[in-house]
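# Geometric and topological summary
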Amino acid sequence: MHEINEECGVFGIYSPKTAPVSVLSYYGLYALQHRGQESAGIAVSSGGQFKYHRDTGLVQDVFDNDKIAELGEGQIAIAHVRYSTSGSSNRINAQPIVVNHMGGSMALCHNGNLVNSNKLRSALEREGCIFQSTTDTEVISYTLTREYIKTKVLEEALINTMDIIRGAYSLVIMSSRKLIACRDKHGFRPLCFGITEDGVYVVASESCALDAVGARLIRDLRAGEIIVIDENGVNSIDIHCNKAKAALCVFEYVYFARPDSIIEGVSVHEARQRAGSFLALEHPVQADVVIGVPDSGLDAAIGYSRQSGIPYEIGLIKNKYIGRTFIAPTQQERENLVRLKLNPISEVIRDKRIILIDDSIVRGTTSARLIKLIRGAGAREIHMRVSAPPFTNPCYYGTDIESKEKLIACKYSTGDIADIIGADTLGFLSIENAKQIAKGVNASGGYCTACFDGNYPVEKDMEID
Ligand code: SF4
């Protein structure tokens, strides 16, 4: 049960000839919907003419047949789903951002958060920039435009911009003739690209979006890499590669990404199963059945079951139709919301010693409600195991793990948390093993674990001047 929200999802497509790029982007966004449910948008370039549509809501709410038809066919498109990790959730903050400047037009989508956006924003405002939104993305687009006006070459402008902006950013950028993508120097957020049988190139936050449009995964962008896709194919610019310690967000594997995605050569599904097996080794307990909290706790529960030999069962059924906007204003209604979202299967749970696997505990309130629900279904014992370490620090790189005050593990020991949430025992995955769940295949081998251990790969610039 998730108390943490995803960041954003980005998508880009380049077709050598005119193609239904808006429809394909729509499919890509559908596959990335789990990364952001607050707004969605698509921008299309047809012969250098830009059309775009963006609004608040799910992909299915923002786009219908008429909207997609209005965007029409083209050669290039970029698209975005958003969760507001910086800037509030309203229409003005929806992406793509489209910029018309003296050299032409450009559109941009961003996943991640900058750590120096306040400073950059103030400096840009002093230069006369008037911001329309409260997002980091607009800071990036102004910086990029300013560099473009200086250099007259978008690639050079982006190289310069990457030396100015700091933090987490996976970007897709569309000019009238090119699709450009880049990953920040640490590679916090995933970004990969692939190709369809028709020679259409696709860039996406996760490989599941490539699958959705029939594209074969070529590879992930390296940390710091820029790729430029145009009539000449793909050109890689590696000037910013190997300049910083690689720090892919380990929580992508634990929770954010879809299990059918492959990130840096590692199946998310397999990484979650490995997390479950590590948990079984670290926190064994006598029990009758292992159940997972849908969806991202399920793979880890299978891994725990396989390692421990304790049978795995589906013990909780998720109502897939409850959206983010479901109204639950009062405490009692919030209690009932857990019951609406998840319903225990009493036949699996009654009189059993349950191992309950979830992907995280943030405040503890959701876990407490869930455990109450499972006890109500007749569980004899509940041993909660969490497939991530305890959160003890805020994240500055594009999630809403915001402040220490909201993190239960900052105030209480594991034993105390078990008492608070009502579990008989509680065990978290160790940080050492969290780093191992995707180990061995990642080319760079470096992960961010800052929200668990406070080792920030890049410090947040707290100064606002
Ligand atoms: S601080 Fe945590 S959630 Fe944020 S990028 Fe690092 S590992 Fe991911």
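Residues numbered from 1 in each chain as written. Predicted model: local features only at pLDDT ≥ 70, side-chain atom pairs only at ≥ 80, totals over all residues. Heavy atoms only, no water.

## Quick notes on the overall build of the chain
We count it as follows: Strands are runs of DSSP state E lasting at least 2 residues, helices are runs of H or I lasting at least 4, and numbering of each runs from the N terminus. We compute the radius of gyration from the C-alpha atoms alone; for a globule the expected value is 2.2 Å times N to the 0.38, where N is the number of residues. Burial classes follow relative accessibility: with a 1.4 Å probe on protein chains only, a residue under 20% of its type's maximum area counts as buried, one over 50% as exposed, and anything between as partly exposed. Whether two residues touch is decided by their heavy atoms; if any such pair falls within 4.5 Å, the residues are in contact. Only four residue types enter the tally: Lys and Arg on the positive side, Asp and Glu on the negative side, with His and both chain ends excluded. Positions of charges follow a simple convention, taking NZ of Lys, CZ of Arg, CG of Asp or CD of Glu.
Along its length, the chain carries 17 helices and 23 strands. A globule of 465 residues ought to have a C-alpha radius of gyration of about 23 Å, and the chain, at 22 Å, matches this closely. For the chain, buried positions account for 60% of its 465 residues. Look at the contacts in the chain between residues 6 or more apart in sequence, and 69% of them connect residues 24 or more apart. A distance of 1 Å separates the average location of the 49 positive side-chain charges in the chain from that of its 56 negative side-chain charges.

## Here we look at the sheet that holds strand β1 (residues 8–19)
What counts is decided by this rule: One bridge is not enough; two strands pair if DSSP finds at least two bridges between them. An axis is simply a line fitted to the C-alpha atoms; with a helix, the fit covers only the stretch in contact. Between two such axes, the angle follows the N-to-C directions and lies from 0 to 180 degrees.
In spatial order, the strands read β3-β2-β4-β1-β10-β9-β11; together these 7 strands make up an open sheet with antiparallel pairing. The strands lining the two open edges of the sheet, one partner per strand, are β3 (49–56) and β11 (216–220). The mean inter-strand angle of the sheet, taken between neighbouring strand axes irrespective of direction, is 15°. Pairing geometry for strand β2 (residues 39–46) and strand β4 (residues 74–82), over 7 bridges, is antiparallel. Bridge pairing in β4 places Ser39 opposite Arg82. Lying over the sheet, helix α1 (residues 21–32) contacts β1, β2 and β4, oriented at roughly 155° with respect to β1.

## Let's talk about the sheet that holds strand β20 (residues 353–358)
Reading across from one edge, β17-β20-β21-β22 is the order of the 4 strands in this open sheet, with parallel pairing throughout. The open sheet has two free edges, formed respectively by β17 (289–292) and β22 (425–428), since each of these has just one partner strand. Here the average twist between neighbouring strands, direction ignored, is 20°. As defined by bridge partners, strand β21 (residues 381–386) adjoins β22 across 4 bridges and the pair is classed as parallel. Following the sheet pairing, Arg385 is matched in β22 by Gly427. Across the sheet, helix α10 (residues 296–308) is in contact with β17, β20 and β21; its angle to β17 comes to roughly 160°.

## Thoughts on the site of the ligand
What counts is decided by this rule: We call a residue near a given molecule or strand whenever any one of its heavy atoms falls within 4 Å of it. Under the grouping applied here, Gly and all other residues not named as nonpolar or charged are polar, the nonpolar ones being Ala, Val, Leu, Ile, Met, Phe, Trp, Tyr, Cys and Pro and the charged ones Asp, Glu, Lys and Arg.
In the neighbourhood of the ligand, the contacting residues comprise Arg189, Cys249, Val250, Cys395, Tyr397, Thr399, Ile401, Cys448, Ala450 and Cys451. Considering only residue class, the shell around the ligand consists of 8 nonpolar, 1 polar and 1 charged.

## With respect to the pattern of salt bridges
Put simply, the test is: By convention in these notes, a salt bridge is any Lys or Arg side-chain nitrogen within 4 Å of a carboxyl oxygen on Asp or Glu.
Per the counting criterion, the structure on display carries 16 salt bridges. Between Glu206 and Arg35 there is a salt bridge, with the nearest N and O atoms lying 2.7 Å from each other. With Glu206 in the loop between β10 (201–204) and α7 (207–212) and Arg35 in the loop between α1 and β2, this residue pair connects regions lying 171 residues apart in the sequence. Take Glu206: its relative accessible area is 0%, and that puts it in the buried class. Assessed through its relative accessible area of 0%, Arg35 is described here as buried. The salt bridge partner of Glu252 is Arg35, with a shortest N-O separation of 2.9 Å. Of this pair, Glu252 sits in helix α8 (residues 251–256) while Arg35 is found in the loop between α1 and β2, placing the two residues 217 residues apart along the sequence. Both residues of the pair, Glu252 and Arg35, belong to the buried class.

## Brief notes about helix α15 (residues 414–421)
One turn of the α-helix equals 3.6 residues, which is why residues spaced by three or four share an orientation. Here is the rule: In this description, one arc is meant: the one made by directions from the helix axis to the C-beta atoms.
All buried positions along α15 are accounted for by Ile417, Ala418 and Ile421. Mapping the buried residues of α15 onto a view down its axis gives an arc of 105°, with all of them on the same face. Residues of α15 that are buried in the fold lie against α13 (365–376), β21, α14 (408–411) and β22. Of the residues one or two after α15, Gly422 is the one with positive phi, at around 90°.

## A look at the nonpolar core
Here is the rule we go by: The nonpolar core is taken to be a set of buried Ala, Val, Leu, Ile, Met, Phe, Trp, Tyr and Cys residues, with the residues joined through side-chain atoms within 4.5 Å.
Core analysis: the biggest nonpolar cluster contains 48 residues, and Phe251, Tyr253, Ile357, Phe391, Tyr397 and Phe452 have the highest contact counts within it. Every element with two or more residues in this core is listed here: β14 (248–249), α8, α9 (268–282), α10, β20, α16 (431–436), β23 (447–448) and α17 (450–453). Beyond its immediate sequence surroundings of up to four residues, Tyr253 is in contact with Leu248, Ile263, Glu264, Val266, Val268, Ala271, Arg272, Ile437, Ala438 and Tyr447. Core analysis: the second largest hydrophobic core is formed by 29 residues, Ala19, Val81, Cys192 and Ala204 among them.

## Some thoughts on the state of the cysteines
What makes a disulfide is a covalent bond joining the sulfur atoms belonging to two cysteines. As a reminder of what qualifies: Pairs of cysteine sulfur atoms within 2.5 Å are what we label disulfides.
Scanning the model with the defined rule gives 0 disulfides in all. Its sulfur unpaired, Cys182 is 10 Å from the next cysteine sulfur, which belongs to Cys241.

## Re the environment of Gly297
Along the chain, Gly297 falls in helix α10. Owing to a relative accessible area of 0%, Gly297 belongs among the buried residues under this scheme. Along the chain, Gly297 and Val21 lie 276 residues apart, while their C-alpha atoms are 35 Å from each other. The residues contacting Gly297, other than those within four sequence positions of it, are Gly292, Ile357 and Asp359.

## What to know about the pairing of β3
In terms of strand pairing, β2 meets β3 through 8 bridges, oriented antiparallel. In the sheet register, Ile42 faces β3, and the bridge partner there is His53. Between β2 and β3, which pair antiparallel and follow one another directly, the connecting turn spans 2 residues, one of which, Gly47, has a positive phi of 60°.

## Description of the packing of helix α5 (residues 136–151) against helix α6 (residues 154–164)
We apply this condition: Throughout, the term roughly parallel applies to angles under 35 degrees, roughly antiparallel to angles over 145, roughly perpendicular to angles from 65 to 115, and oblique to all others. Each crossing gets its hand from how the near helix is turned against the far one by less than a right angle, where anticlockwise is left-handed and clockwise is right-handed.
Between α5 and α6, the least distance of the axes is 8 Å, while the angle of their chain directions is 130°. With respect to α6, the axis of α5 lies oblique. As for how α5 packs across α6, the hand of that crossing is right-handed. Contact with α5, carried on its side by Thr143, Leu144, Arg146, Glu147, Tyr148 and Thr151, involves Leu154, Glu156, Ala157, Leu158, Asn160, Thr161 and Ile164 of α6 and no other residues of that element. Of the residues assigned to the contact of α5 with α6, the class counts are 6 nonpolar, 4 polar and 3 charged.

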